[in-house]
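# A structural walkthrough
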Amino acid sequence: MDTPLPSGSDSDSEESLVTDRELQDAFSRGLLKPGLNVVLEGPKKAVNDVNGLKQCLAEFKRDLEWVERLDVTLGPVPEISGPQSTPQNKDQKAVDPEDDFQREMSFYRQAQAAVLAVLPRLHQLKVPTKRPTDYFAEMAKSDQQMQKIRQKLQAKQATMEKSEKAKQLRALRKYGKKVQTEVLQKRQREKAHMMNAIKKYQKGFSDKLDFLDGDQKPVARGSKEGAKGQQTKKGPNAKRRYKNQKFGFGGKKKGSKWNTRESYDDVSSFRAKKAHGKGLKRPGKKGSNKRPGKQTREKMKSRAR
Amino acid sequence: MAATKRKRRGGLAVPAKRPRKSGKDARPPAKPRDKAEEAEEEDRNRIPGPVCKGKWKNKERILIFSSRGINFRTRHLMQDLRMLMPHSKADTKMDRKDKLFVINEVCEMKNCNKCIYFEAKKKQDLYMWLSNSPHGPSAKFLVQNIHTLAELKMTGNCLKGSRPLLSFDPAFDELPHYALLKELLIQIFSTPRYHPKSQPFVDHVFTFTVLDNRIWFRNFQIIEEDAALVEIGPRFVLNLIKIFQGSFGGPTLYENPHYQSPNM
């Protein structure tokens, strides 16, 4: 271990080449003792005796008729996948062995190609390929095994169908619930409407009993917009809108301007009928129900006196 | 059930039927009828012996056996192969302590000229030897991804002992070692015509594909004439290790550089 090496034991990279060669010489001469020196084998070369293989094949080959061997060497049937140019087809031949589905499909197509190529030949050679229906013979898998397979397939199919049904039912239930809520809301609205009409009549603001005749007006109106349309047209409630404005999006910021040009130009809260005094005409009972205001009454009083 | 299990009576013909058989044979095939049609008609009358239509010339016999210490999957695979290949013979398990060239003597005793030998090591790795018995080449493979006939996902079925169609990848023609393997596989897996235990119909196809430097084996049943296929099984993957010039020994002709031993 302490044997001094012929040219220094430091492993400087510049000197290593020289050192190695000298080391090898010294080793071959048997000057070096074992220990730090390890005999490295060169990379193993795989034996590939091409001539030997060919000769062996030539000797081993038996010249049998094709009908004895029934072999065929063909690539897989090309995929039917739309208009593809030839170079792309060639690239497709590289099947990824990790992709199970692609790999098994390539084997399947190879078998298909073989079968398609060979069947006419077999028919020509009068080798039967189809089994007659009354030909009973032992099969590779027993009937019991085939029964098991059939049962498993059926069970699989049944579970799939069940899950499909369950999905559909769930979707239906959701839809059903939606429809139910819509119907309830509609009923509520109609009830409210009816109550309003009754109250109006009772208070004398309307003397027509049209609302009892059924849904004529609502139908005319409702035919234009469905229940959904009515809801979405008005959007959120006025109360909701006010609250949204006051508290929505982080609420009103402190000290934000409010008499700006935009707020001045905003005429969305303008009600023409109200502004021009054409508001709700409240017909009284033969007109004499209208009670005059305080000042008018004072004037009347003073005038009367 | 009983009807389907009824075995076709091949060579062991009942004496009462013999005169009938000879009568049919004596009738000259003057009419240009298909042999297949004749076979079918005969089948309708009784379970036939299509063997008598031709002589069994291609005398290939395969010895399929294993070493000790194989697991259940290997055992089933071996049984499946024996069932699919009517020209095979079985033998008892061999002790792994014996040298491999003893197998040649076993083959000679059984009068077999090819051999498939399964060797299991450490109860996990399975090696398969394919060999041409007296002089010919032999190859050692590592077997992976075994699925047997009994798996419920393999839904196809075929006649027991029917002749297979062998389908090879074009890659088998490109390299010399693959060409040699192809010849070996053809001679081993193809059922000889008119073999007494074989069925005359060609209703399944073995595919051998070279992918990822391995040979993939699949077995499909031909359902329709338009090449609708269903997998029967078994299926396995062979990873070539070495090809030897002699049977279970001899100079190495080829060594697979892509092979990685499973123990490393």
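These figures come from a predicted structure and were not determined experimentally.

## Observations regarding the overall build of chain B
Within chain B one finds 6 helices and 11 strands. The buried share of chain B, reckoned over its 264 residues, is 55%. Long-range pairs, those at least 24 residues apart, make up 64% of the contacts in chain B with a sequence separation of at least 6.

## Quick look at helix H5 (residues 102-110) of chain B
It helps to recall that an α-helix has 3.6 residues per turn; residues three or four apart then point in one direction. Residues and elements named next belong to chain B. Taken residue by residue, H5 has Ile103, Asn104, Val106 and Cys107 as its buried positions. Each buried residue of H5 lies within a common arc of 160 degrees when the element is viewed along its axis, so the set occupies one face. Exposed residues on H5 whose side chains face more than 90 degrees from its buried face are Glu108 and Met109. Just downstream of H5, Asn111 is the residue with a positive phi angle, here 60 degrees.

## Points about helix H9 (residues 238-247) of chain A
H9(A) sits mainly on the outside: 0 of its 10 residues count as buried. Looking one or two residues beyond H9(A), the residue adopting positive phi is Phe249(A), at roughly 55 degrees.

## Examining the pairing of strand E4 (residues 125-132) of chain B
Residues and elements named next belong to chain B. Along E4, 8 of the 8 residues are buried, which leaves the element largely enclosed by surrounding structure. Side chains Asp125, Tyr127, Trp129 and Ser131 project from E4 onto one buried face, and the interleaved Leu126, Met128, Leu130 and Asn132 project onto a second face that is buried too. As judged from the 8 bridges shared by strand E3 (residues 114-121) and E4, these two strands associate in the antiparallel manner. For Lys114, the partnering residue across the bridge sits in E4 and is Asn132. Remark: 3 residues form the turn of the hairpin made by E3 and E4, two consecutive strands paired antiparallel; Lys122 in that turn has positive phi of roughly 60 degrees. Inspection of the sheet shows E4 paired to strand E5 (residues 138-147) by 6 bridges, in the antiparallel sense. What sits directly across from Leu130, in E5, is Ala139. Adjacent in sequence and paired antiparallel, E4 and E5 are bridged by 5 residues.

## Examining a positive patch on the surface
Residue and element names in this part refer to chain A. On the surface, Lys239, Arg240, Lys243, Lys246 and Lys252 cluster together into a positively charged patch. Of note, Lys252 is situated in the loop between H9 and helix H10 (261-265). The class for Lys252 is exposed, based on a relative accessible area of 59%.

## Thoughts on the pairing of E5(B)
Residue and element names in this part refer to chain B. Within E5, 7 of the 10 residues are buried, which leaves it mostly tucked inside the rest of the structure. Inspection of the sheet shows E5 paired to strand E10 (residues 235-246) by 8 bridges, in the antiparallel sense. When the sheet's bridge partners are listed, Ala139 is paired in E10 with Ile243.

## Here's the deal with the side chain of Gln145(A)
Looking at the secondary structure, you find Gln145(A) in helix H6 (residues 143-203). Judged by its relative accessible area of 13%, Gln145(A) is buried. The residues contacting Gln145(A), other than those within four sequence positions of it, are Leu149(B), Ala150(B), Glu151(B) and Leu152(B).

## Some details on the pattern of salt bridges
Overall, the coordinates contain 13 salt bridges over all chains when judged by the stated rule. Because the salt bridges share partners, they merge into one network encompassing Asp100(A), Arg103(A), Glu104(A), Arg218(B), Glu231(B) and Arg235(B).

## Thoughts on the UniProt feature "coiled-coil region" (unreviewed entry) in chain A
When the UniProt feature table is mapped onto this chain, "coiled-coil region" (unreviewed entry) is found at residues 139-166 of chain A. Secondary structure across residues 139-166 of chain A divides into 86% helix and 0% strand, with the first and last C-alpha atoms of the span separated by 40 Å.

## Brief notes about the interface of chain B and chain A
Between chain B and chain A, the residue contacts involve 84 residues of the former and 64 residues of the latter. Summing the contributions of chain B and of chain A, the shared interface buries around 6,800 Å²; its carbon and sulfur component is 62%. Counting every contact that joins chain B to chain A gives 4 salt bridges. Two residues, Lys160(B) and Glu138(A), come together in a salt bridge whose shortest N-O distance is 3.4 Å. Viewed at the interface, chain A and chain B are joined by 32 residue pairs in polar contact (both at pLDDT 80 or more). When its residues are assigned to classes, the side of chain B that touches chain A shows 42 nonpolar, 16 polar and 26 charged. As defined by bridge partners, strand E1 (residues 71-73) of chain A adjoins strand E6 (residues 162-168) of chain B across 3 bridges and the pair is classed as parallel.

## So, the packing of aromatic side chains
Counted under the stated rule, the structure contains 16 aromatic pairs over all chains. Between Tyr108(A) and Phe220(B), the ring centres sit 5.9 Å apart and the planes meet at 85 degrees, which makes this aromatic pair edge-to-face. Here Phe220(B) lies in strand E8 (residues 214-222) and Tyr108(A) lies in helix H5 (residues 100-124), a pairing that spans two chains. With a relative accessible area of 22%, Tyr108(A) lands in the partly exposed category. A centroid spacing of 5.5 Å and a plane angle of 55 degrees characterise the contact between Phe189(B) and Phe208(B), whose relative ring orientation is tilted. In this pair, Phe189(B) sits in helix H6 (residues 176-189) while Phe208(B) sits in strand E7 (residues 199-211), placing the two residues 19 residues apart along the sequence. As far as burial versus exposure is concerned, Phe189(B) and Phe208(B) are alike and both buried. Joined through ring pairs, the aromatic side chains of Phe168(B), Phe172(B), Tyr178(B), Phe189(B), Phe206(B), Phe208(B), Phe217(B) and Phe236(B) make up one cluster. Above the face of the Tyr127(B) ring, Lys140(B) is positioned so that its terminal group lies 4.6 Å from the ring centre.

## Things to note about the packing of helix H2 (residues 50-60) of chain A against H6(B)
Running from amino to carboxyl end, H2(A) crosses H6(B) at an angle of 25 degrees, the nearest separation of the two axes being 9 Å. Considered as vectors, H2(A) and H6(B) are oriented roughly parallel to each other. Here the hand of the crossing between H2(A) and H6(B) comes out left-handed. Residues Val50(A), Leu53(A), Lys54(A), Cys56(A), Leu57(A) and Phe60(A) of H2(A) pack against Pro176(B), His177(B), Ala179(B), Leu180(B), Glu183(B), Leu184(B) and Gln187(B) of H6(B).

How each quantity is defined
Per chain, residue numbering runs from 1 following the sequence as it is written. Going through the entries in the order they are written, you letter the chains from A and number the ligands from 1. Given that the model is predicted, a residue must reach a pLDDT of at least 70 before its local features are reported, and side-chain atom pairs must reach 80 or more before they are shown or counted; all residues, however, enter totals for whole chains, interfaces and linings. Side-chain descriptors were evaluated using all non-hydrogen atoms of the structure, hydrogens and water having been removed beforehand. Where helices and strands are cited, they refer to DSSP runs of H or I of at least four residues and of E of at least two residues respectively, numbered from the N terminus. Relative accessibility thresholds used throughout: buried, under 20% of the residue-type maximum; exposed, over 50%; partly exposed, between the two (1.4 Å probe, protein chains only). Only heavy atoms matter for contacts: two residues are in contact if any of them lie within 4.5 Å across the pair. Along the arc lie the directions from the helix axis toward the C-beta atoms. Here the rule is simple: two strands pair whenever DSSP picks up at least two bridges between them. Nonpolar side chains (Val, Leu, Ile, Met, Phe, Trp, Tyr) are joined into patches within 5 Å and like charges within 9 Å, using only residues with over 30% relative accessible area and no salt bridge. Residue exposure ignores everything except the shown protein chains as possible cover, and the areas themselves are Shrake-Rupley values with a 1.4 Å probe. Definition used for salt bridges: Asp or Glu carboxyl oxygen within 4 Å of a side-chain nitrogen of Lys or Arg. Residues counted as positive are Lys and Arg, residues counted as negative are Asp and Glu, and His and the chain ends are not counted. A charged residue contributes its charge at one atom only: NZ of Lys, CZ of Arg, CG of Asp or CD of Glu. UniProt positions are given in the numbering used here, feature names are shortened, and annotations may be inferred rather than shown by experiment. Put simply, buried area is how much 1.4 Å-probe accessible surface two parts lose in total, over both of them, once they are put together. In protein, a polar contact requires one atom able to donate a hydrogen and another able to accept it; more generally it is a pair of N or O atoms within 3.5 Å, and residues adjacent in sequence count only if both atoms are side-chain atoms. Polar here means any residue outside two lists: the nonpolar Ala, Val, Leu, Ile, Met, Phe, Trp, Tyr, Cys and Pro, and the charged Asp, Glu, Lys and Arg; Gly therefore counts as polar. Think of it this way: a Phe, Tyr or Trp ring, Trp meaning its six-membered ring, pairs with another when their centres are within 6.5 Å, and the plane angle makes it stacked under 30 degrees, edge-to-face over 60, tilted otherwise. Cation placement over rings: the criterion is NZ of Lys or CZ of Arg within 6 Å of the ring centroid and within 35° of the ring normal. Lines fitted to C-alpha atoms define the axes, with helix axes restricted to the stretch in contact, and inter-axis angles between N-to-C directions lie between 0 and 180 degrees. Roughly parallel means an angle under 35 degrees; roughly antiparallel, over 145; roughly perpendicular, 65 to 115; everything else is oblique. For any helix crossing, the convention is left-handed if the near helix is rotated counterclockwise from the far helix by under a right angle, and right-handed if that rotation is clockwise.

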